[in-house]
Amino acid sequence: MLAAARGKAAKRPPAALLLPLSGPSATLGVSMQRAAMLAQSPLSKPQDLMILDTGGTAAGATAAVQLAVKRGARIIIGPLFAEESRAAAQAAGGVPLISFSNDEDLVGSGAFLLGITASQSVTSILRYARGRGVKRVAVLGGPSRWSAQGVAAAERLRGAAGLEVTLLPADTAPEQLRSALARSGSGLPDAVLVTESGDALLRAARSMQDGDPQLLGTQQALDLSPGALRGAWMTGPDPASISDFAQRYGSAGAAGPGLLAALAYDGMSIVEALRAGGVVDRSALSAVPSFAIATGPIRFAADGHAARELAVLVAGPDGFTAVDKSGSL
């Protein structure tokens with residue numbers, strides 16, 4: 001029996017984990033490496049996983065991928081940032097690469113996106129809001145690429161199930177949101193979606209003291225104090241599904257994990273699921289109906305984009321409470 005187990009371990013397809021272990025993001029890279037180690041199978045041997053430093057740059061990511069492929073990696077987890085992910089995917093050739101990036105511009109680059117994208121988040125929250133009777137939504141964007149992708153996702157839903165979507169002027173300051181809505185001349189909408197960062201959502205919440213209209217946000221705001229958001233609805237990983245990982249991470253002596261650490265854990269979990277299935281390649285990655293991971297069930301398409309299940313969270317004085325999920329994949 002022991003010999004059989006050793007045989008199985010020896011045949012496990014090698015994987016590579018690409019992280020910024022030097023440079024300005026090294027602390028984050030180390031926390032992600034620690035998280036990924038928690039998802040390894042008991043069958044794992046040191047040669048099953050190559051841990052390579054990208055330095056957080058495209059050139060570093062390219063060199064890391066080239067080394068991983070030379071050493072026989074069958075699948076690559078990482079890298080973290082969009083530009084290094086684009087370079088890494090090009091260098092990987094036919095080797096599947098699961099990027100931690102959430103930049104939707106990477107779709108079609110060869111990378112599979114594990115990061116929670118703006119489209120996933122915005123689509124989930126607007127579908128939930130429409131199911132709760134929201135018909136008119138005003139969308140407040142911002143200067144970031146994430147925000148622009150969120151606004152585009154909201155525009156794609158215009159007219160879906162009777163949803164009316166209007167865009168607020170680009171120069172609207174979040175702290176002046178209430179007065180900007182009043183000046184629009186079309187009356188207050190049922191809800192306002194803030195696609196920019198958590199700080200923008202917090203400033204918007206302060207401008208609408210009475211909670212009318214309903215405030216909507218994305219997981220970009222989950223690092224804020226929920227009490228300050230006063231009933232805002234947003235999307236993110238279900239706290240219940242991520243709690244087991246968080247407990248394991250804490251038990252290993254590390255500080256509380258962030259979302260990126262959870263994604264590193266999930267990336268390694270996906271590799272182990274593929275290994276258990278006996279096939280580790282691009283077609284196998286997109287053929288699995290759903291990977292059950294800590295940040296929510298996910299299904300990859302051949303072009304690299306992903307459909308995933310997110311929870312709808314309500315901010316309150318005692319934290320974020322999950323009230324719904326975005327539905328089956």
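Residues numbered from 1 in each chain as written. Predicted model: local features only at pLDDT ≥ 70, side-chain atom pairs only at ≥ 80, totals over all residues. Heavy atoms only, no water.

(A) Inspection of the pairing of strand 7 (residues 164–167) at higher detail. Pairing between strand 6 (residues 136–140) and strand 7: four bridges, direction parallel. Counterpart to alanine 138 in the pairing with strand 7 is threonine 166. Each parallel crossover has a hand, and the one from strand 6 via helix 6 (residues 145–156) to strand 7 is right-handed. (Pairing = 2+ DSSP bridges. Helix = DSSP H or I, 4+ residues; strand = E, 2+ residues; numbered from the N terminus. Right-handed = clockwise from strand over helix to strand, strands pointing away.)

(B) Broad picture of the sheet that holds strand 2 (residues 49–53). If you walk across this open sheet you meet the five strands as 2-1-3-4-5, and the pairing is parallel. In this open sheet, the two edge strands, each paired with only one partner strand, are strand 2 and strand 5 (111–113). Across the sheet, the mean angle separating the axes of adjacent strands is 25° when strand polarity is ignored. Lying over the sheet, helix 4 (residues 82–92) contacts strand 3 (75–77), strand 4 (97–99) and strand 5, oriented at roughly 175° with respect to strand 4. (Axes fitted to C-alpha atoms, helices over the stretch in contact; angles between N-to-C directions. Contact = heavy atoms within 4.5 Å.)

(C) Summary view of the pairing of strand 10 (residues 233–236). Of the two faces of strand 10, the one holding Trp233 and Thr235 and the one holding Met234 and Gly236 are both buried throughout. When strand 10 meets strand 13 (residues 311–316), the two strands line up antiparallel, connected through four bridges. Paired with methionine 234 across the two strands is leucine 313, which belongs to strand 13. (Buried < 20%, exposed > 50% of the residue type's maximum accessible area, 1.4 Å probe, protein only.)

(D) Region of interest: the nonpolar core. Within the largest apolar cluster, 36 residues are counted, with the highest numbers of intra-cluster contacts made by Phe100, Leu114, Phe245, Ile270 and Phe300. By residue number, the principal contributor to this core is helix 10 (residues 259–277), which donates nine residues. Counting 21 residues, the second largest nonpolar core, distinct from the first, contains Ala232, Met234, Ala311 and Ala315. (Core = buried A, V, L, I, M, F, W, Y, C linked by side-chain atoms within 4.5 Å.)

(E) Representation of the side chain of aspartate 48 in the model. In this fold, aspartate 48 is placed in the loop between helix 2 (26–38) and strand 2. Exposure remark for aspartate 48: the relative accessible area of 3% places this residue in the buried category. Engagement of the side chain of aspartate 48 in a polar contact is seen with the side chain of arginine 12, the distance being 2.9 Å. (Polar contact = N/O pair within 3.5 Å; in protein donor to acceptor, adjacent residues only side chain to side chain.)

(F) Focus on the environment of leucine 126. With respect to the secondary-structure elements, leucine 126 resides in helix 5 (residues 118–131). Taking the C-alpha atoms as reference points, leucine 126 and leucine 216, 90 residues apart in sequence, are found 8.3 Å from one another.

(G) Structural view of the packing of helix 9 (residues 239–251) against helix 10. Direction vectors running N to C along helix 9 and helix 10 enclose 100°, while the axes themselves pass 11 Å from each other. One element, helix 9, and the other, helix 10, form an angle in the roughly perpendicular class. The segment helix 9 lies against helix 10, with Ile242, Asp244, Phe245, Arg248 and Tyr249 engaging Ala261, Ala262 and Tyr265. (Parallel < 35°, antiparallel > 145°, perpendicular 65-115°, else oblique.)

(H) Representation of the sheet that holds strand 14 (residues 319–325). Here we have seven strands laid out as an open sheet, ordered 7-6-8-9-10-13-14, and mixed in their pairing. Single-partner strands in this sheet number two, and they are strand 7 and strand 14. Shown here is a sheet whose adjacent strand axes are inclined to one another by a mean of 30°, direction ignored. Against the sheet, helix 5 contacts strand 6, strand 8 (191–194), strand 9 (214–217), strand 10, strand 13 and strand 14, and its axis sits at roughly 135° relative to strand 10. Across the sheet, helix 6 touches strand 6, strand 7 and strand 8, and the angle it forms with strand 7 is around 145°.

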